[in-house]
Amino acid sequence: MTREQRLPSSKRLLRQSLPQRDGRLRAESSFTEASYRPVKQLRRPRGFLQRLYLSFIQLIRRIREFLLQLFTNWKFLIFLGLSTTLAAGGLATAFIFQLPALPNCPAVFWPLASASMRFECARIAASKQTADDLLEAIALVDELPPDHAMRAEADRMIELWSQEVLKLAEELFQKGKLQDAIAAARKIPAKVTAYRLVEERVKRWETIWTKAEEIYRKVEAALRKRDWREAFHTATRLLDVDNRFWQTTQYDDLNRRINIARDEGNKLYKAENLADAGGLENILAALRLAEEIPKGSYVYDLAQQKIKGFGRKLLDLAQAAADRRNLQEALEIANKIPKSARLEQQVKDFIVLANAQSQTWQDTVVGLEEAIAQAQRLRPDRPLYQKAQQMIARWQYEIEGLAQIERARTMAQGDTIESLMMAIATASQVSSANPRWEEAQKQIQQWRSQAETIQDQPFLDQADQYASTGDLNALQAAIAQASQIGPGRALYGQAQSRIRQWTNQIETAQDQPYLDQAQAYARMGNVRAAINMAQQIRPGRALYDRAQKDVAQWQSQIQAEETRARTQYGRGGSPTNPAASPTVSQSWKSDSDRKCSADGKSDFWQRGGANGSECGD
């Protein structure tokens, strides 16, 4: 069986009829074209238009063939039917379950609105769960008259929504929005139960808020004082405040501020230590550190004060350089003061005064007058005007003193006692309050020394002449002559030096025999006699130190011999046998020598008196 035979009879009939119908259509088309074709054949467009026309005709034909095949395909027809059915069912279901449209509440004209419309819009507003929307819902339904059928429902909803408003106000308070919370709570209608709690709640909120703000202010005050320990301790009190906003947000923010302020405060401490250490470089480094503190810092105001103080320290350094007569250094330091110290006008005035002060270094009346003229350039509205006036007054007073000193110097040029005394009298007229007083005193001291030297030099020359012979009587005369120069005189020091020298010569000549005799005793082995003889030289004498040095050496020798004698006695020696105990024998000899001492004032050796010994020569 062929494929055509296997098709259903309806399809076979359709396929058989299609060629016939196509033939009829072509025949009718040809007949129509032939019927309506004009006698004279029109020429078809050529070129691009011709190609476009042919393409359009071909496209129309293909579309027609496709549609014909599509609508003769049973699968497509089934799919089209099912799609149409499903679309119609879905549209019907949508219409069935479609919710009614919400009312456009903002566009409602409320004086003419129905109660149901008010309730509907109030519920919509209340569903947003914000204080303002809940208050709006209350206002909508509260407009119903007391005798309205839905008034009871309105009162119930108002009561419910008022409770919600109070809860939301509490939440606003916990979030840190105190004023919003108070405003929302006070909008609750007075007739509802929740209204009785409003004032009590508001009072509690304000009390809590005031307490928290007080703690915050105390922390800030501690930060400005750089008391970090107190700031941290006070900040922890926020944790006890019954408000979530202060317990969390503000507490964390405050801790952050404390840490920042502590770092900045420590930086300022470092700057202060540098400035206190003194010196140009240290103060400049302190200024740089203090300038790093930002404007919003708790220690910013203090830092600005410190910066100004550091600038004043630089001005003091500059003034010290000017006082040392170093104008260049003074101006360099002044020009290094930064603008942040806000001392620009003071720096300008200082430069004027430093230049004026440099004129006084000439130590002349002309220089002082020039300094006064420059300082007078500062007007009364200048910051260093008062200092300029003080310097002018000092220089004017200094001119008077300098004039007195110059007159005295002129008098002193005669180099005579009379001229020097006149110069001293003239310079003494300079008052102790005058800046030139010290200079005048130095000149007076110099001229007095010159006058005293002229007066006393003959005494010293005569004493030198007496002492030149070296005789004891001559030395005594020289000492008496030099002693006429009293204390406080210009040559007193020289006179006393000569007197000490001559006195030493006399004492040496008098005591040298004692020392020579003592050394002679020591060489003979009579150490104790040597000691006694050397002790005749009394303290303060010229040879006393030398004699005491020898005495100490001889005493050490005696102690060594005694130690040796005790050692031999412990080994069996006889203390009564001089041969067995040479130290004891020598001790007896020393006792006899002690009896023969010149002044008889020396003590006996504590081991017994001398027995039968003779004094050595």
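Residues numbered from 1 in each chain as written. Predicted model: local features only at pLDDT ≥ 70, side-chain atom pairs only at ≥ 80, totals over all residues. Heavy atoms only, no water.

Chemist: Please clarify how the packing of helix H15 (residues 344-359) against helix H17 (residues 385-412) should be interpreted in this entry.
Modeler: Think of two packed helices as two axes; the pair is described by the angle between the axes and how far apart they sit. With their axes 11 Å apart at the nearest point, H15 and H17 run at an angle of 10 degrees to one another. Taken together, the axis directions place H15 and H17 in an arrangement best described as roughly parallel. Residues Leu353, Ala356 and Gln357 of H15 lie in contact with H17, whose contacting residues are Lys387, Ala388, Met391 and Trp395. (Axes fitted to C-alpha atoms, helices over the stretch in contact; angles between N-to-C directions. Helix = DSSP H or I, 4+ residues; strand = E, 2+ residues; numbered from the N terminus. Parallel < 35°, antiparallel > 145°, perpendicular 65-115°, else oblique. Contact = heavy atoms within 4.5 Å.)

Chemist: How do you make sense of unusual backbone geometry when you look at a structure like this?
Modeler: Outside of glycine, negative phi angles account for most residues, and trans bonds account for most peptide bonds. Positive phi outside glycine occurs at Arg342, with the angle close to 55 degrees. Under the relative-accessibility criterion, Arg342 is labelled partly exposed at 43%. At Asp363, a residue that is not glycine, the phi angle is positive and equals roughly 55 degrees. With respect to the helices and strands, the residue Asp363 is situated in the loop between H15 and helix H16 (365-375). Asp363 sits in the partly exposed class, given a relative accessible area of 30%. (Buried < 20%, exposed > 50% of the residue type's maximum accessible area, 1.4 Å probe, protein only.)

Chemist: Which parts of the structure should I look at to understand helix H18 (residues 417-427)?
Modeler: In an α-helix, one full turn covers 3.6 residues, which means residues spaced three or four apart are oriented alike. Along H18, the positions that sit buried rather than exposed are Ser419, Leu420, Ala423, Ile424, Thr426 and Ala427. Down the axis, H18 shows its buried residues gathered within 165 degrees of arc, on one side only. On the buried face of H18, the contacting elements are H17 and helix H19 (437-467). (Arc of directions from axis to C-beta.)

Chemist: Help me understand a nonpolar patch on the surface, please; the structure alone is not making it clear to me.
Modeler: Taken together, the side chains of Leu59, Ile63, Phe66, Leu67, Phe71, Leu77 and Leu80 define a hydrophobic patch exposed on the protein surface, amounting to about 650 Å² of accessible area. Counting residues per element, the ones that place at least two in the nonpolar patch are helix H3 (48-71) and helix H4 (74-97). For the nonpolar patch, the element with the most residues is H3, which contributes 5 residues. Residue position: Phe66 is located in helix H3. (Patch = residues over 30% accessible without salt bridge, like charges linked within 9 Å, V, L, I, M, F, W, Y side chains within 5 Å. Areas by Shrake-Rupley, 256 points an atom, 1.4 Å probe, with all protein chains shown as cover. Salt bridge = Lys/Arg side-chain N within 4 Å of Asp/Glu carboxyl O.)

Chemist: Sorry if this is basic, but what is going on with the pattern of salt bridges here?
Modeler: Note that side chains of opposite charge can pair when their charged atoms are close. Inspection of the entire model under this criterion finds 23 salt bridges. For Glu214, the salt bridge goes to Arg217, with nearest N and O atoms at 2.8 Å. Of this pair, Glu214 and Arg217 both sit in helix H9 (residues 198-224), 3 residues apart, which is roughly one turn of the helix. With relative accessibility at 33%, the residue Glu214 sits in the partly exposed group. Here Arg217 falls in the partly exposed class, since its relative accessible area comes to 43%. Measuring nitrogen to oxygen at the nearest pair gives 3.0 Å for the salt bridge that ties Lys267 to Glu292. Of this pair, Lys267 sits in helix H11 (residues 244-277) while Glu292 sits in the loop between helix H12 (280-291) and helix H13 (300-323), placing them 25 residues apart in sequence.

Chemist: Any chance you could explain the packing of aromatic side chains here in plain terms?
Modeler: Aromatic rings considered in pairs are described by the distance between their centres and by the relative angle of their planes. Under the defined criterion, the tally for this structure stands at 6 aromatic pairs. Residues Phe245 and Trp246 carry aromatic rings whose centres are separated by 5.9 Å and whose planes lie at 75 degrees to one another, so their mutual orientation is edge-to-face. Pair check on accessibility: Phe245 and Trp246 agree, each one buried. A cation sits over an aromatic face here: Arg226 above Tyr269, 4.0 Å from the ring centre. (Phe/Tyr/Trp six-rings, centres within 6.5 Å; stacked < 30°, edge-to-face > 60°. Lys NZ or Arg CZ within 6 Å of the ring centre and 35° of its normal.)

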